[in-house]
Every structure is written in structure tokens, then in C-alpha cells.
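# Analysis of the macromolecular model
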Amino acid sequence: TAAPVDSVHGLRQWCEELGLPLEFVDRLAAEEVTDPHELTGVPDEDLVALTVGLKIGPKGRFIKEVRKMRAAEQVERGSTCGSTC
């Protein structure tokens, strides 16, 4: 099934901000990605496979952004449990 229109719009905006080709939006939607943050749980090997055919610049921006979101989630998790973890 196709991703909802609003999630595709969000993916398109995110890809535009990163300077990724618009066809990459279709690739993400085909993989049922509805929010960029869903990618933080995906292994790097799968992210690299998703970027096959992209030029090095867009590929690097995509991987770097997902890693940045992962790091932010780690900080968020660390700050919510305090020093008791």
C-alpha cells in the first residue's frame, strides 16, 4: 500500500532540505518509511543499500543525517533516565 500523502510530503520536504534527489522520496515510500526518524533503527548496511545509485554527496548527507538523529535519540534517552541507568 502507498504511504499517506502527508507522510510523503514530509519525506519530500526532508529530502529537499538534505539536497537528496526527489526520486529518493519514492524509494523511501516504497520501503514504507513514513517518518525519517524510523530510519534510526535501521542498520547502516541497509541504509547504504537504500542509497545504491545515489552520488556520493547525497549518500553522505543521508547517512550523516540518520547518524545525527540516532545520536540525538541517545542523548534524549540518556537525559530521561538521569544517573540511575
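Residues numbered from 1 in each chain as written. Predicted model: local features only at pLDDT ≥ 70, side-chain atom pairs only at ≥ 80, totals over all residues. Heavy atoms only, no water.

Broken down by element type, the protein carries four helices and zero strands. Each helix and strand of the protein, ordered N terminal to C terminal, gives the series α-α-α-α. The proportion of buried residues among the 85 residues of the protein is 32%. In the protein, once contacts between residues fewer than 6 apart in sequence are set aside, the share between residues at least 24 apart is 53%. Approximately 5,600 Å² of the protein is accessible, and the part contributed by carbon and sulfur atoms is 56%. (Helix = DSSP H or I, 4+ residues; strand = E, 2+ residues; numbered from the N terminus. Buried < 20%, exposed > 50% of the residue type's maximum accessible area, 1.4 Å probe, protein only. Contact = heavy atoms within 4.5 Å. Areas by Shrake-Rupley, 256 points an atom, 1.4 Å probe, with all protein chains shown as cover.)

For the rest of this paragraph, the subject is helix H2 (residues 23–30). Note: α-helices contain 3.6 residues per turn, so residues at a spacing of three or four share the same orientation. Looking only at H2, the buried set comprises Phe 24, Val 25, Leu 28 and Ala 29. The buried side chains of H2 occupy one side of the element, clustering within an arc of 140 degrees when seen end-on. Glu 32, located one to two residues past H2, shows a positive phi value of around 65 degrees. (Arc of directions from axis to C-beta.)

Position of Leu 50 relative to the elements: it lies in helix H3 (residues 44–50). Here Leu 50 falls in the buried class, since its relative accessible area comes to 12%. C-alpha of Leu 50 to C-alpha of Arg 27: the two residues are 23 residues apart in sequence and 7.7 Å apart in space. Among residues more than four places away in sequence, those in contact with Leu 50 are Phe 24, Arg 27, Leu 28, Glu 31, Leu 39 and Phe 62.

A separate point is unusual backbone geometry. Unusually for a residue other than glycine, Glu 32 sits at a positive phi of about 65 degrees. Inspection of the secondary structure assignment puts Glu 32 in the loop between H2 and H3. Assessed through its relative accessible area of 56%, Glu 32 is described here as exposed.

The next subject is the side chain of Glu 65. With respect to the secondary-structure elements, Glu 65 resides in helix H4 (residues 56–81). The residues touching Glu 65, leaving out its near neighbours within four places in the chain, are Trp 14 and Leu 18.

A residue-level look at the protein finds 86% of positions with pLDDT of 70 or above and a mean pLDDT of 88. Ranking the helices and strands of the protein by mean pLDDT puts H3 first, with 96, and helix H1 (residues 5–18) last, with 89. (pLDDT = per-residue confidence, 0-100.)

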